[in-house]
Amino acid sequence: MEFVTNAALSVQLMWAGAALCLAWFVLSCAAWTIDRRLLFGESVWAKPLRFSSSLAMHYATYAIVISWLSSAWQTGATMTVIATVAVVSLTFQVGFIGIQGARGEPSHFNTKTPLMRKLELTMAVMAANVTAPMAIVGAVVLIEQGFVFSDAVRFATGLGLILGTVMTFISAYHLGMRQTPYFGEKPAHDRRSPGLDWSLDRGDLRPAHFFATHMMQATPIAGLLAAYFLAPQAALVVSLAITFVWGWLAVRTYRLAVQGRSITELITANATSRPATS
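Residues numbered from 1 in each chain as written. Predicted model: local features only at pLDDT ≥ 70, side-chain atom pairs only at ≥ 80, totals over all residues. Heavy atoms only, no water.

## So, the nonpolar core
So, point 1. M14, L55, Y59, M79, L90 and V137 are the most contacted members of the largest nonpolar core, which totals 36 residues.
So, point 2. Counting residues per element, the ones that place at least two in this core are α2 (9-34), α3 (46-67), α5 (77-103), α6 (114-131), α7 (133-143) and α8 (151-178).
So, point 3. With sequence-adjacent residues up to four places away left out, L55 is seen in contact with C21, W24, L90, Q93 and V130.
So, point 4. Counting 14 residues, the second-largest nonpolar core is a separate cluster that includes F183, L200, L205 and I263. (Core = buried A, V, L, I, M, F, W, Y, C linked by side-chain atoms within 4.5 Å. Buried < 20%, exposed > 50% of the residue type's maximum accessible area, 1.4 Å probe, protein only. Helix = DSSP H or I, 4+ residues; strand = E, 2+ residues; numbered from the N terminus. Contact = heavy atoms within 4.5 Å.)

## Quick look at the side chain of S54
So, point 1. Assignment of secondary structure puts S54 in helix α3.
So, point 2. With a relative accessible area of 18%, S54 lands in the buried category.
So, point 3. Here S54 is in contact with T213 and H214, once residues within four sequence places are set aside.

## Focus on the packing of α3 against helix α9 (residues 206-229)
So, point 1. In the contact formed by α3 and α9, the axes pass within 10 Å of each other and the chain directions differ by 45 degrees. Taken together, the axis directions place α3 and α9 in an arrangement best described as oblique. As α3 packs across α9, the resulting crossing turns out to be left-handed. In this structure, α3 uses S54, M57, H58 and T61 to contact α9, whose residues at the interface are T213, H214, M216 and Q217.
So, point 2. Tallied by class, the residues present in the contact of α3 with α9 amount to two nonpolar, six polar and no charged. (Axes fitted to C-alpha atoms, helices over the stretch in contact; angles between N-to-C directions. Parallel < 35°, antiparallel > 145°, perpendicular 65-115°, else oblique. Left-handed = near helix turned anticlockwise from the far one by under 90°. Nonpolar A, V, L, I, M, F, W, Y, C, P; charged D, E, K, R; others polar.)

Right under this line is the structure:
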């Protein structure tokens, strides 16, 4: 564990956030095995499981990418403040989503009481604090002279973090404003994707949110693999191509959703569009 204990405070804080999410994931798995209550047709612990696993990857990404920067950036005030705000905000999210799961109540789109409306707004602010710093880290990666890897990793990471953050905010804005991920009429039988619970029969913003959020992990990994297996110039081209394709997936799934069309149209040759309803 020397890579954590010897790291800068900013990196240690981000690893602490990832560890918190991992512990949350394990506890949610244990709760799932003994708690059979359902919420909207799935376990009350399904959302805590999804969020804990996603946020564990998110904070591990923070920790790893910050550790690729020069020691001046790692130990500087900017990264230390970013890490502190991000981890404090994460703690609120973990507590709120976990408590709502234990209560058998939805943590999102729940405005039944004045208190829940205030908590919903607070959650939105905390989510912004968790996500927005990724764009700052991505910008630093692009301008940092002491970045430890090649241009393939630099551009795939920097662009992926920035574009992923932007697209995450766009999809999250629509989710918050509409108080539902869905566009279009609810069909008589709404098929769902296993595990992720995405609708396969109408517009659903959650796939776009997924591709945007996990662009922040996919593109750095693509850059690392390209740099390892390919010559520098080829690695740069391949990593940028993968970054572009992943970004296209985020944009395309967003456009399908707001048009009231299912994500299945990504792989359906002769799809017909459904008109969206407000």
